[in-house]
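Descriptive structure summary
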Amino acid sequence: MGDGGPRLSTPVVWTDLHRLHEPGAEVWVGVRTPGTEVPERAERIRAALAGARFVEARPQPDEAVLAVHDAALLDYLASAWDEWEAAGLTRDPGQDRVVPYIFPHPSLFSPGVSPAVPAAASARAGRFAFDTMTLIGPGTWEAARAAVDAAVTAADLVLAGEPAAYACCRPPGHHATRSAFGGSCYLNNAAAAAARLLSGVGGPVAVIDIDAHHGNGTQAIFWDDPLALTGSVHVDPGAGWFPHFLGFAEETGGGANRNLPLAPGSGDEEWLEAVRSLAEWARAGGAEALVVALGVDAAAGDPESPLAVTAAGFRAAGRELGALGLPTVLVQEGGYELETIGELVREVLVGVEGAGERRQ
Ligand code: SP5
Ligand code: ZN
């Protein structure tokens, strides 16, 4: 793009490995619909940030992932595609991605009875997936693992003294829980970054999620951790929006979780008030570092959400978050309007940097 505007000083952590993940489709209400979480998303962001300092994601040990996920989920994701193919499912019935069909619904199980890990590859998917929209293909695992590497590399950059670092993570992560994947997410990149910050700074770490959808995975992963303050502003699931079952204001954990659901149609005013409120809450909680789960799907033109935030709104959100003056890791989440995704990410980063300059 290079449409003028200030030159970014925030490092951008990048990996080409994201391209290996091509979900290709989403199975929604049983119908195979075009995928929304496409490789082009990250490429558009990269183009909009051209001129910034790009840093290659550094491979991280498995411990970085195991800090926020069960080994069983990792083992499953690492082998799911090969097992699907080996089971012949690509030929009969002819399904070229891993798609679940049976789920261990809680009411199947009497007290003391827990779900088996199914022997059949066709059934195993439902043991770990919570929706039918998050498909696995040949390169999904490599890309998801590299996205964690990117987020944790960004955390290391701020622990080494950068005021802020942005990780261009794809696939996104905030819907993934300790042991389940869904919502286009496989591994929780933002949670892994927060875990690295928690071990680096000692004090509380805040995760503020401004993606249009509730950060249910991050909420669940840190539910019992009073040192991880998880806050999310998102479109009200009670008004009919993903993830539907949770993301309500009543979910407060021990006080270290905060959800601010907004009515469909909410724009800059309501959204920024919520962002400001979450920032103030993180400050009051004594946060010593910040992770921003940076989805830009609250944008007015985004096809996946009914919120109506403008480019100026995203810049203002960056300013609010940057004004906390904390070491800040920004982790890419959603955002599905290809024409604007890069510009909107850039607006947030410019806002964060502007706040820093005013502080000096
Ligand atoms: C990371 C992120 O933003 N995940 C959001 C996933 C929400 N997807 C829910 C989609 C609901 C059905 N939409 C119809 C589109 C069919 N292709
Ligand atoms: Zn989203």
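Residues numbered from 1 in each chain as written. Chains lettered and ligands numbered in written order. Predicted model: local features only at pLDDT ≥ 70, side-chain atom pairs only at ≥ 80, totals over all residues. Heavy atoms only, no water.

1. A short note on the overall build of the protein chain
Going by this rule: Numbering of helices and strands runs from the N terminus; a helix is a DSSP stretch of H or I covering at least four residues, while a strand is a stretch of E covering at least two. We compute the radius of gyration from the C-alpha atoms alone; for a globule the expected value is 2.2 Å times N to the 0.38, where N is the number of residues. Burial classification: accessible surface area is computed with a 1.4 Å probe over protein chains only, and a residue below 20% of its type maximum counts as buried, one above 50% as exposed, and the rest as partly exposed. Contact definition: two residues touch when any of their heavy atoms are within 4.5 Å. The charged-residue count follows a simple rule in which Lys and Arg add positive charge and Asp and Glu add negative charge, with His and chain termini not counted at all. Throughout, a charge is located at the NZ atom of Lys, the CZ atom of Arg, the CG atom of Asp or the CD atom of Glu.
When you go through the protein chain residue by residue, the secondary structure sums to 10 helices and 10 strands. On C-alpha atoms alone, the protein chain measures out to a radius of gyration of 19 Å, which is about the 21 Å that the 2.2 N^0.38 rule sets for 360 residues. Projected onto the principal axes, the alpha-carbon positions of the protein chain cover approximately 60 × 45 × 40 Å. Among the 360 residues that make up the protein chain, the fraction classed as buried is 55%. A sequence separation of at least 24 residues applies to 79% of the contacts in the protein chain between residues at least 6 apart. Where the 24 positive side-chain charges of the protein chain centre and where its 46 negative ones centre are 5 Å apart.

2. Side note on the pattern of salt bridges
How we decide: Salt-bridge detection follows one rule: a side-chain nitrogen of Lys or Arg within 4 Å of a carboxyl oxygen of Asp or Glu.
According to the stated counting rule, one finds 15 salt bridges in the structure shown. A network of salt bridges, in which partner residues are shared, links D16, R19 and E43.

3. As for the coordination of the zinc ion (ligand 2)
Test applied: Donor atoms are limited to N, O and S found within 2.8 Å of the metal ion, a distance that becomes 3.2 Å for Na, K and Ca. With water left out, some sites might look partial.
Of the protein atoms, only D211 (OD), D211 (OD), H213 (ND1) and D297 (OD) coordinate the zinc ion (ligand 2), at distances of 2.0 to 2.8 Å. The sequence pattern formed by the donor residues of the zinc ion (ligand 2) is D-x1-H-x83-D. You can see H213 sitting in the loop between β6 (205-209) and α7 (216-221) and its partner D297 sitting in the loop between β9 (289-294) and α9 (311-322), a full 84 residues away along the chain. Pair check on accessibility: H213 and D297 agree, each one buried.

4. Quick notes on the sheet that holds strand β5 (residues 164-167)
Spelled out, the test is: At least two bridges found by DSSP between two strands is the condition for calling them paired. The axes are straight lines fitted to the C-alpha atoms, using for helices just the contacting stretch, and the angles between their N-to-C directions are given from 0 to 180°.
Sheet architecture is open: eight strands sit in the order β4-β1-β5-β10-β9-β6-β7-β8, paired in parallel fashion. Unpaired on one side and paired on the other, β4 (54-56) and β8 (257-262) mark the two borders of the sheet. Across the sheet, the mean angle separating the axes of adjacent strands is 20° when strand polarity is ignored. Sheet topology places strand β1 (residues 12-14) next to β5; two bridges connect them, and they run parallel. Across the sheet, the residue bridging to V12 is Y166, located in β5.

5. Points about the site of ligand 1
Keep this limit in mind: Here, proximity means that at least one heavy atom of the residue falls within 4 Å of the molecule or strand. We call two N or O atoms a polar contact when they sit within 3.5 Å, provided that within protein one can donate a hydrogen and the other can accept it, with sequence-adjacent residues counted only if both atoms are side-chain atoms. All accessible-area figures derive from a Shrake-Rupley calculation using a 1.4 Å probe, and residue coverage is judged against the displayed protein chains alone. Charged means Asp, Glu, Lys or Arg here, nonpolar means Ala, Val, Leu, Ile, Met, Phe, Trp, Tyr, Cys or Pro, and polar covers whatever is left, Gly included.
The local shell around ligand 1 holds 16 residues, among which E26, T33, G183, D297 and Y336 are the closest. Here T33 contributes a side-chain N or O atom positioned 2.8 Å from a nitrogen atom of ligand 1. Expressed as a share of its isolated accessible area of 500 Å², the protein-covered part of ligand 1 is 85%. Class assignment of the residues belonging to the shell around ligand 1 gives a composition of six nonpolar, six polar and four charged.

6. Topic: the packing of helix α5 (residues 140-159) against helix α6 (residues 189-201)
The line we're drawing: Relative orientations are named as follows: roughly parallel for angles under 35 degrees, roughly antiparallel for angles over 145 degrees, roughly perpendicular for angles from 65 to 115 degrees, and oblique for any other angle. Throughout, a crossing is termed right-handed when the near helix is turned clockwise from the far one, and left-handed when it is turned anticlockwise from it by less than a right angle.
Orientation of α5 relative to α6, taken along the N-to-C sense of each, is 30°, at an axis distance of 8 Å. Relative to α6, the element α5 is oriented roughly parallel. Our pair here, α5 against α6, has a crossing hand that is right-handed. Where α5 abuts α6, its residues A144, A147, V148, A151, V152, A155, D156, V158 and L159 lie against N189, A192, A193, R196, L197, G200 and V201. A class-by-class count of the residues in the contact of α5 with α6 yields 12 nonpolar, two polar and two charged.

7. Digging into the nonpolar core
Generally speaking, soluble globular proteins have nonpolar side chains that are buried together. Going by this rule: Only buried residues count toward a nonpolar core. Its members are Ala, Val, Leu, Ile, Met, Phe, Trp, Tyr and Cys residues joined through side-chain atoms within 4.5 Å.
Among the nonpolar cores identified, the biggest contains 55 residues, and Y76, L77, I136, F181, V291 and V329 are the most heavily contacted of them. It is α5 that contributes the most residues to this core, 11 residues altogether. Those residues in contact with F181, other than ones at most four positions away along the chain, are L73, Y76, L77, A125, F128, A129, F130, D131, T134, I136 and Y186.

8. A few points about a nonpolar patch on the surface
Operational definition: Nonpolar side chains (Val, Leu, Ile, Met, Phe, Trp, Tyr) within 5 Å and like charges within 9 Å form the patches, drawn only from residues with over 30% relative accessible area and no salt bridge.
A contiguous nonpolar surface patch, about 330 Å² in accessible area, is contributed by W28, V29 and V31. For V29, a relative accessible area of 65% corresponds to the exposed category.

9. Some details on helix α8 (residues 268-284)
The criterion, for reference: The span one expects for a helix is its residue count, reduced by one, times 1.5 Å.
Under the 1.5 Å per step criterion, the end-to-end length of α8 is 24 Å for 17 residues, consistent within 8% with the ideal 24 Å. Three or more residues of α8 are buried, namely W271, L272, A274, V275, L278, A279, W281 and A282. On its buried face, α8 sits against β6, β7 (228-235), β8 and α9. Downstream of α8 by one or two residues, G286 has phi in the positive range, about 80°.

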